[in-house]
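# Tertiary structure, described
Each chain is listed here by its residues.
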Amino acid sequence: YLLAALPAALCFFLTFSKGGWLLGLPASLLALGLLAGGRTRRITLGLTVAAFVVLVPLATTARLRSLFSLQGTSFLRVKLWEAAWDMGRDHPLWGVGLDNFLYQYPRYMRPDAASEPNLSHPHNLLLDFWLRLGVPGLLAFVWVQVAFFRQALTVWRRRSDPLLWTVGVGLAAGMVASLAHGLVDMTFFVPELAALCGLMLGFVRRLEAVMPGEMENR
């Protein structure tokens with residue numbers, strides 16, 4: 001697993017994804033530490049601090065400086081969310097439909113965000129589900145997440161099989177990373193992300209079904 005994690009970590013670093021760096025990775029590490037406890041908690045906390053230390057020399061790069069620029073990504077995202085909120089208020093129940101954000105957005109785009117006119121999603125998972133699928137879709141998303149974490153916590157409480165327990169903790173941390181990153185980016189509505197989400201949902205459901213409970217071990 002370590003051999004697989006090293007090239008994956010390098011690729012993740014080279015993406016220069018600020019949402020992944022500042023939200024997804026720290027959230028997943030902290031979730032791992034919280035669920036695993038003991039020495040793992042100290043290790044993940046140390047890795048989180050180390051990750052931010054590694055980013056310090058990159059603070060002067062254009063990519064990270066844009067976080068604080070009035071024309072940078074952060075500023076544009078806020079304007080995008082304002083426009084998406086207005087779009088949702090005009091279509092509160094059913095949203096604008098699948099893949100229609102791109103065509104509706106120019107009507108709501110702020111003039112000072114005109115440098116990015118061709119955006120196909122609002123870069124926020126809650127706004128994305130609401131605008132694509134309306135209130136029913138947003139409620140379905142919340143229901144799926146509640147079901148996932150209920151099942152993941154069921155697996156977490158069962159320590160009868162250490163390997164399956166470890167897989168369950170990893171799946172929970174992976175979903176936390178997806179949700180954290182999804183606060184500022186796409187998290188579901190492309191084939192690979194939807195497939196990954198489906199796999200995590202399926203795996204944790206299967207773990208809950210096959211992992212022996214505490215009462216079964218007595």
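In this numbering scheme, every chain counts its residues from 1 along its sequence in written order. Restriction of local features to residues with pLDDT of at least 70 applies here, the model being predicted, together with a cutoff of 80 or more for giving and counting side-chain atom pairs; totals for whole chains, interfaces and linings are based on all residues. Calculation of side-chain values draws on the structure's entire complement of heavy atoms; hydrogens and water are dropped beforehand.

## Focus on the overall build of the protein
Helix and strand assignments come from DSSP, with helices taken as H or I runs of at least 4 residues and strands as E runs of at least 2, each series counted from the N terminus. From N to C terminus, the protein includes 9 helices and 0 strands. The linear arrangement of helices and strands in the protein, starting from the amino end, is α-α-α-α-α-α-α-α-α. Along the three orthogonal principal directions, the C-alpha set of the protein runs to about 65 × 45 × 25 Å. Across the 218 residues that make up the protein, the buried fraction comes to 37%. Note on contacts: a residue pair qualifies if any of its non-hydrogen atoms lie within 4.5 Å across the two residues. Sequence separation of at least 24 residues holds for 68% of the intrachain contacts in the protein that already meet a minimum separation of 6. Accessible surface area values rest on a Shrake-Rupley calculation with a 1.4 Å probe, where residue burial reflects the displayed protein chains alone. Element-wise, carbon and sulfur atoms account for 71% of the exposed surface of the protein, whose accessible area totals about 12700 Å². His is not counted, nor are the chain ends, whereas Lys and Arg count as positive and Asp and Glu as negative. A charge is said to be at NZ when it belongs to Lys, at CZ for Arg, at CG for Asp and at CD for Glu. In the protein, the 19 positive side-chain charges and the 13 negative ones have mean positions that sit 8 Å from each other. Each residue gets one of three labels from its accessible area relative to the maximum for its type: buried under 20%, exposed over 50%, partly exposed in between, using a 1.4 Å probe on protein chains only.

## Describing the packing of aromatic side chains
For any pair of aromatic rings, geometry is given as the distance between the ring centres together with the angle between the planes. Pairing of aromatic rings covers Phe, Tyr and the six-membered ring of Trp, with a centre-to-centre limit of 6.5 Å; geometry is then stacked below 30 degrees between planes, edge-to-face above 60, and tilted otherwise. Considering all chains together, one arrives at 10 aromatic pairs under this definition. Geometrically, the ring pair formed by phenylalanine 16 and tryptophan 21 is tilted, given 4.9 Å between the ring centres and 50° between the ring planes. Looking at tryptophan 21, the relative accessible area reads 5%, which means it is buried. The interplanar angle of 90° and the centroid separation of 5.0 Å between the aromatic rings of phenylalanine 148 and phenylalanine 149 together place this pair among those described as edge-to-face. Joined through ring pairs, the aromatic side chains of Phe129, Phe141, Phe188 and Phe189 make up one cluster.

## Re the side chain of serine 17
On the secondary structure map, serine 17 appears in the loop between α1 (2-14) and α2 (18-36). Within the structure, serine 17 has its side chain in polar contact with the backbone nitrogen of glycine 20 (distance 3.1 Å). Here the side chain of serine 17 touches histidine 181 through a polar contact of 3.3 Å, side chain to side chain. For the purposes of these results, a polar contact is taken to be a pair of N or O atoms within 3.5 Å, where, inside protein, one atom must be able to donate a hydrogen and its partner to accept one; residues adjacent in sequence count only when each atom of the pair is a side-chain atom.

## A short note on the nonpolar core
Definition used in this section: a nonpolar core is a set of buried Ala, Val, Leu, Ile, Met, Phe, Trp, Tyr and Cys residues joined via side-chain atoms within 4.5 Å. Residues Leu80, Ala84, Met87, Phe101, Tyr105, Leu119 and Leu131 are the most contacted members of the largest nonpolar core, which totals 15 residues. Going through the elements one at a time, α5 (73-90), α6 (101-108) and α7 (125-157) are the ones with two or more residues in this core. What leucine 131 contacts, discounting residues up to four positions off in sequence, is Ala84, Met87, Gly88, Gly95, Val96, Gly97, Phe101 and Pro122.

## Some details on α6
Phe101, Gln104, Tyr105 and Tyr108 are the residues of α6 that are buried. The arc that holds every buried residue of α6, seen down its axis, measures 115°, which confines them to one face. Seen from the open side of α6, the exposed residues pointing more than 90 degrees away from its buried face are Tyr103 and Arg107. Buried residues in α6 make contact with α5 and α7. Read the arc as the range of directions from the helix axis to the C-beta atoms.

## What to know about a nonpolar patch on the surface
Residues with no salt bridge and a relative accessible area higher than 30% make up the patches, which join like charges within 9 Å and nonpolar side chains (Val, Leu, Ile, Met, Phe, Trp, Tyr) within 5 Å. In the sections that follow, a salt bridge refers to a side-chain nitrogen of Lys or Arg positioned within 4 Å of a carboxyl oxygen of Asp or Glu. On the surface, Leu22, Leu23, Phe52 and Leu183 cluster together into a nonpolar patch covering about 290 Å² of accessible area. Note that phenylalanine 52 resides in helix α3 (residues 38-55). Here phenylalanine 52 falls in the partly exposed class, since its relative accessible area comes to 36%.

## What to know about α1
Here the expected span of a helix is defined as 1.5 Å times the quantity of residues minus one. Given a rise of 1.5 Å per residue, 13 residues ought to cover 18 Å, and the 18 Å separating the end C-alpha atoms of α1 matches this to within 8%. Remark: phenylalanine 16 follows α1 within two positions and exhibits a positive phi of approximately 55°.

## Brief notes about the pattern of salt bridges
Enumeration according to the criterion identifies 9 salt bridges in this entry. With a shortest N-O distance of 2.6 Å, arginine 132 and aspartate 128 are connected by a salt bridge. With arginine 132 and aspartate 128 both in helix α7, this residue pair falls 4 residues apart, about one helical turn. For the salt bridge of arginine 150 with glutamate 208, the shortest nitrogen-to-oxygen distance reads 3.6 Å. Of the two residues, arginine 150 is situated in helix α7 and glutamate 208 in helix α9 (residues 191-210); the sequence distance between them amounts to 58 residues. When salt bridges with common partners are traced through the structure, they connect Lys79, Glu82, Asp86, Arg89, Arg110 and Asp112 into a single cluster.

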